[in-house]
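# Structural overview for review
As a plain string of letters, each chain reads:
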Amino acid sequence: MSWGFMRGSAWKFLQSPQYTRSGSRGTFAPPNLFYDDVQDNVSSLDDSASGEEDLDSLVFFGMMKGNVVGLRYYAGVVNNNEMVALQREPSNPYDRNAVKVNNVNGEQVGHIKKELAAALAPIMDRKLVRMEGVVPYGAHNVFTMPVNLSFWGKDDDKKGVLDHMKAHGYKLDPVLKSSGKSFPSLDAGSGSGASPPVQLTVEQLKTEFDKLFEDLKEDDKTQEMEPVKGIQTVLLPHQKQALAWMVSRENSTELPPFWEQRGNLYYNTLTNFAEKERPESIRGGILADDMGLGKTLSVIALILTNFHDGQPLPTGKVRSEKQKTNSAGKSRNTASQGQCSETREIGNSQEASATVSKRQKARKVKYDFNDSEEEWLPRKTKSSPACSLVDDDQFAMALSGASSGKKKKSKTKIIDKTTDQFEQHVQAEVDLKIYVYYGPERSKDPNSLSQQDVVLTSYSTVTHDYGNNSPLHKIKWLRVVLDEGHTIRNPNAKQTKAIHSLDAVRRWVLTGTPIQNSLKDLWSILSFLKLKPFTDREWWHRTIQRPVTMGDQGGLRRLQALVKNITLRRTKTSKVKGKPVLELPERKVYIQYVQLSTEERQIYQSMQSEGKAIIGRYFNEGTVLTHYADVLAVLVRLRQLCCHPHLVSSGSSSASLKEATPEELREKLINKIKLVLNSGSDEECAICLDSLNNPIITRCAHVFCKPCICQVIHSEKPNAKCPLCRSEIHLEHLLECPEEEFDSETVHCPNFVCRESGFIFTRLDGSMPQKKRTEAIQSFQSTADDSPTIMLLSLKAGGVGLNLTAASRVFLMDPAWNPAAEEQCFDRCHRLGQTKDVIITKYVVKDSVEENMLKIQSKKRELAAGAFGTKKPSASEMKEARIKEIRTLVDL
DNA sequence: ACCGCCGGGTGCC
DNA sequence: ACCGCCGGGTGCC
């Protein structure tokens with residue numbers, strides 16, 4: 001049944017003003033079944049996810065005492081010192097100023113007394129104030145109870161709000177009476193008593209943040225567990241730990257963090273909320289291991305080992321002698337870590353009894369089911385559970401703006417990558433039923449889907465289907481795993497809802513970067529995990545986020561306790577039993593300075609002084625940013641010069657182009673675009689600053705993304721000019737590179753010493769279709785004799801998952817703006833499966849824009865290290881930083 | 001609510 | 001009495 005859907009709609013119904021209107025005095029009795037069901041859904045995600053004001057920047061206005069009235073008419077109860085939420089109810093038929101008071105579960109407790117409500121309504125409606133309440137005593141009164149109200153808002157609005165309240169005869173007390181600090185013993189189980197109200201400095205806070213995920217004492221997470229035999233890859237110790245931890249979490253019956261039993265009630269120690277029903281255990285969490293530590297493998301092991309009810313997936317006959325090693329696939333290297341020698345049988349005792357006689361050949365089940373497949377059914381449990389691995393769309397995002405056909409291919413590719421992992425790690429004899437729920441042909445039949453063991457899909461598919469009779473939202477999943485879960489940290493409301501409303505008890509988030517920008521990232525994840533009461537952003541904010549950002553040590557301790565409870569994270573440098581998680585070979589980065597030849601230097605100098613003059617003029621006029629495209633053009637040309645003078649079209653060459661016949665011109669331009677595309681450097685489009693997407697060349701011989709330049713022409717018409725050289729451009733003069741012309745295999749690469757020297761090489765860049773990319777990677781990683789020994793790789797090509805361990809030497813021909821992009825690129829070969837020391841050489845042209853880029857890189861590194869916890873830079877600060885960067889780059 | 005408030009009943013001492 | 005006082009009805013917004 002469509003349980004998830006009904007939950008959602010039931011909530012909407014309760015929220016609607018009509019309901020309240022019909023529920024006149026004494027008759028307000030929501031159907032208990034639904035009401036209970038919506039309890040953990042009270043986080044009206046619509047409100048919280050869709051552009052709500054920035055809660056971080058709120059300041060304290062003051063406090064006052066108010067009264068909650070009408071208690072008799074509502075079912076919501078509170079305890080003394082319990083937090084309550086205030087919510088405007090403009091549609092109340094008796095008073096359009098009405099302000100509802102709800103308990104932590106979202107159940108209405110009463111209303112704010114009307115005189116005060118009349119004062120609050122206008123400022124609440126105009127979002128000048130955010131109201132929070134705590135009932136200090138009298139929680140069990142019959143008719144009315146007191147409430148301590150605190151007022152929060154933007155600093156700019158403070159005076160207005162105070163004046164407004166004064167005009168209504170209410171004076172706010174400016175002293176914050178530590179409702180946020182006086183939590184009793186909070187860290188569930190730590191018993192260390194109340195924390196002294198010690199304020200942390202911004203610096204201390206930052207340090208604590210940095211350590212938050214790195215410094216988890218993993219004493220309780222060192223237990224190892226062997227996966228079932230069906231996993232043919234030998235797990236590394238840290239993966240066995242992950243497995244043990246995840247299994248124990250899934251089978252846990254512990255109370256969730258910050259909940260404790262008191263008598264026959266369950267108390268939340270953060271909000272002082274209590275209820276009879278035991279809050280659901282958190283049967284999942286965050287696997288936040290660093291990239292490359294094998295999160296997906298750990299989860300696959302989990303799925304098979306702890307499939308359902310603490311039992312492994314019933315498997316067919318499995319082999320045990322021949323083991324794959326834990327190298328990352330078809331690497332030409334033999335596996336590292338000396339695991340090849342480990343041939344002892346793995347598996348656990350439970351597994352044997354769970355073996356099932358039926359063997360199935362088919363590993364991937366297609367869209368329709370036939371009678372013979374009905375035979376598989378008896379194996380399934382009653383609830384017909386399945387597992388969904390929601391994959392990310394990063395590839396698609398990297399290609400945004402590409403034709404839809406291209407996009408689709410790449411997304412499927414991402415899912416295929418996960419499918420590949422299953423194939424790689426799970427024995428072929430295991431009749432694991434995997435279904436890829438993706439594309440127009442996907443089965444909309446929940447029954448056939450729920451007969452799968454694993455369903456793979458993408459975030460966008462989940463979102464697209466949501467509310468559209470989606471089978472994904474009808475199935476009660478065995479577990480839902482969000483791969484690269486951080487990609488939904490800043491989602492739109494629909495995506496959040498669609499993903500959060502997937503129905504599963506076991507809920508996992510895989511991410512290498514659990515917190516990237518702020519604590520909000522974490523909230524999004526916690527909300528997905530359905531950790532009460534954090535599904536509602538208000539409670540997260542009041543109990544954790546605000547105390548922490550205000551420097552409250554108790555808040556930080558709670559945060560630490562929480563993270564420790566639900567997260568497992570190891571970095572590449574973490575140690576297991578005194579040994580590093582990954583004993584990767586060394587990685588050395590060298591910078592090789594390059595001198596330009598006299599001739600090149602001459603060209604460079606003239607172009608540099610020309611560029612400096614232009615940019616210098618913009619500086620004087622204060623119009624650097626309005627001419628940003630021109631500035632970038634200068635920089636791009638300087639960078640191109642550092643690579644090779646051929647890359648730059650000088651003014652003279654475009655002059656000569658003019659004299660050519662149209663046919664000659666066309667040929668020259670095609671040659672030129674081929675040169676750019678095949679140069680091996682990651683050519684950027686000067687408009688979007690990203691890799692070239694659907695590249696075209698202008699008559700003035702500049703290459704841009706087609707959509708980018710078309711937009712420029714459109715917006716500047718009828719006199720559009722080339723963003724790089726300001727010569728006239730016309731839509732009908734744009735030339736595309738003929739498809740067959742950038743067939744990579746036979747490309748002549750003018751930049752490298754490689755073809756002439758007889759090297760076999762391949763290439764990978766953003767302009768290549770997905771199929772070519774896969775071929776390139778496969779041929780490169782292959783151990784065959786004629787396999788290429790060199791890959792020309794563009795900095796931005798491919799996803800983070802790309803495995804190029806066949807390479808142990810990296811030559812970076814031109815530096816990237818963003819050091820993280822370089823690092824990521826290096827990590828593609830310096831990862832699990834690499835056996836040799838990796839030597840990286842960054843070529844940097846002496847006395848050039850490239851050298852200055854290094855300076856910017858180190859600044860960016862510092863910034864990235866300190867970005868967390870501090871406020872995000874404002875637009876003007878960003879501009880300021882940009883301008884500074886430009887100054888550094890051109891030595892002005 | 002063991003209150004406040006409302007409005008009808010009532011009206012010397 | 002266009003008041004005061006009494007006591008019953010009543011009760012969020």
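This section reports on the structure supplied with the text. Remember, predicted model here, so these are calculated numbers, not experimental data.

Below, the discussion takes up the overall build of chain A. Summing up its helical and strand segments, chain A has 28 helices and 26 strands in all. Expressed as a percentage of the 892 residues in chain A, the buried residues total 53%. A separation threshold of at least 6 residues defines the contact pool for chain A, and within that pool the share at least 24 residues apart is 73%. Roughly 40,800 Å² of accessible area belongs to chain A as shown, and the carbon and sulfur atoms make up 51% of that amount.

Before going further, it helps to examine the protein's contact with DNA strand C. Taken together, 13 residues form the shell around DNA strand C, and within it Tyr73, Tyr74, Asn92, Asp95 and His111 come nearest. At the protein interface, 55% of the atoms of DNA strand C within 4 Å belong to sugar or phosphate. Take aspartate 95: an N or O atom from its side chain is 2.4 Å from a sugar or linking oxygen of DNA strand C. Looking at side-chain class alone, the surface near DNA strand C contains six nonpolar, three polar and four charged residues.

Here the focus is the sheet that holds strand S9 (residues 274-275). Strands sit in the order S7-S8-S9 across an open sheet of three strands; the sheet is antiparallel. Both edges of this open sheet fall to strand S7 (259-262) and S9, since each of them pairs with a single strand only. Inspection of the sheet shows S7 paired to strand S8 (residues 265-268) by four bridges, in the antiparallel sense. Paired with glutamine 261 across the two strands is tyrosine 266, which belongs to S8.

Looking now at the environment of leucine 287. Mapping leucine 287 onto the fold places it in strand S10 (residues 285-287). Taking the relative accessible area as the measure of exposure, leucine 287 reaches 0% and is therefore buried. Separated by twelve residues in sequence, leucine 287 and valine 299 place their C-alpha atoms 9.0 Å apart. Beyond its immediate sequence surroundings of up to four residues, leucine 287 is in contact with Ala242, Met246, Lys295, Ser298, Val299, Val509, Leu510, Thr511 and Leu568.

Let us now look at the pattern of salt bridges. Taken as a whole and judged by the stated rule, the model has 26 salt bridges. The salt bridge partner of glutamate 250 is arginine 506, with a shortest N-O separation of 3.6 Å. You can see glutamate 250 sitting in helix H8 (residues 237-250) and its partner arginine 506 sitting in strand S15 (residues 503-510), a full 256 residues away along the chain. A relative accessible area of 1% means that glutamate 250 is categorised as buried. Aspartate 503 serves as the salt-bridge partner of lysine 476, at 3.7 Å between the closest nitrogen and oxygen. Here lysine 476, found in strand S14 (residues 476-482), pairs with aspartate 503, found in strand S15; they are 27 residues apart in sequence, far enough to count as distant.

For the rest of this paragraph, the subject is unusual backbone geometry. At the junction of lysine 532 and proline 533, the peptide bond is cis and its omega measures out at -5° in the coordinates. The topology assignment puts proline 533 in the loop between helix H17 (519-529) and helix H18 (537-549). Positive phi is not limited to glycine here, since lysine 530 has a value of about 60°.

Here we come to the pairing of S14. With respect to burial, S14 is a largely interior element, six of its seven residues being buried. Note that S14 and S15 share six bridges and pair parallel. For arginine 479, the partnering residue across the bridge sits in S15 and is arginine 506.

What follows is about the packing of H17 against H18. Running from N to C, H17 and H18 point in directions that differ by 145°, and their axes come no closer than 11 Å. Taken as a pair, H17 and H18 cross one another with a handedness that is right-handed. Counting all contacts with H17, which are made through Leu519, Lys520, Leu522, Trp523 and Leu526, the residues of H18 involved are Arg537, Trp540, Gln545 and Val548. Class assignment for the residues of the contact of H17 with H18 results in six nonpolar, one polar and two charged.

This brings us to the nonpolar core. In this structure, Leu522, Phe534, Trp540 and Leu559 are the most contacted members of the largest nonpolar core, which totals 43 residues. Listing elements by their share of this core, those giving two or more residues are helix H7 (202-214), helix H15 (459-465), S14, helix H16 (493-500), S15, H17, H18 and helix H19 (553-566). A total of seven residues in this core trace back to one element, the largest contributor, which is H17. Every residue in contact with leucine 559, bar those within four places of it in the chain, is listed here: Phe209, Leu212, Leu519, Leu522, Trp540, Ile544 and Val548.

So, on to the packing of aromatic side chains. Under the definition given, this model contains six aromatic pairs. Centroid distance phenylalanine 60 to tryptophan 152: 5.2 Å. Interplanar angle 65°. Geometry classified as edge-to-face. Here phenylalanine 60, found in strand S1 (residues 59-69), pairs with tryptophan 152, found in strand S6 (residues 144-153); they are 92 residues apart in sequence, far enough to count as distant. Taking the centre distance of 6.4 Å and the plane angle of 90° together, the rings of tryptophan 259 and phenylalanine 273 count as edge-to-face. Remark: phenylalanine 273 occurs in the loop between S8 and S9 and tryptophan 259 occurs in strand S7; sequence separation between them is 14 residues. Exposure class is identical for tryptophan 259 and phenylalanine 273. Each is buried.

As a further point, take the pairing of strand S3 (residues 99-102). Side-chain alternation along S3 places Val99 and Val101 on one buried face and Lys100 and Asn102 on a second face that is also buried. Alignment of S3 against strand S4 (residues 108-112), held across three bridges, turns out to be antiparallel. Its bridge partner lying in S4, asparagine 102 is registered against glutamine 108.

Rules of the game
- Residues numbered from 1 in each chain as written.
- Chains lettered and ligands numbered in written order.
- Predicted model: local features only at pLDDT ≥ 70, side-chain atom pairs only at ≥ 80, totals over all residues.
- Heavy atoms only, no water.
- Helix = DSSP H or I, 4+ residues; strand = E, 2+ residues; numbered from the N terminus.
- Buried < 20%, exposed > 50% of the residue type's maximum accessible area, 1.4 Å probe, protein only.
- Contact = heavy atoms within 4.5 Å.
- Areas by Shrake-Rupley, 256 points an atom, 1.4 Å probe, with all protein chains shown as cover.
- Near = heavy atom within 4 Å.
- Polar contact = N/O pair within 3.5 Å; in protein donor to acceptor, adjacent residues only side chain to side chain.
- Nonpolar A, V, L, I, M, F, W, Y, C, P; charged D, E, K, R; others polar.
- Pairing = 2+ DSSP bridges.
- Salt bridge = Lys/Arg side-chain N within 4 Å of Asp/Glu carboxyl O.
- Axes fitted to C-alpha atoms, helices over the stretch in contact; angles between N-to-C directions.
- Left-handed = near helix turned anticlockwise from the far one by under 90°.
- Core = buried A, V, L, I, M, F, W, Y, C linked by side-chain atoms within 4.5 Å.
- Phe/Tyr/Trp six-rings, centres within 6.5 Å; stacked < 30°, edge-to-face > 60°.

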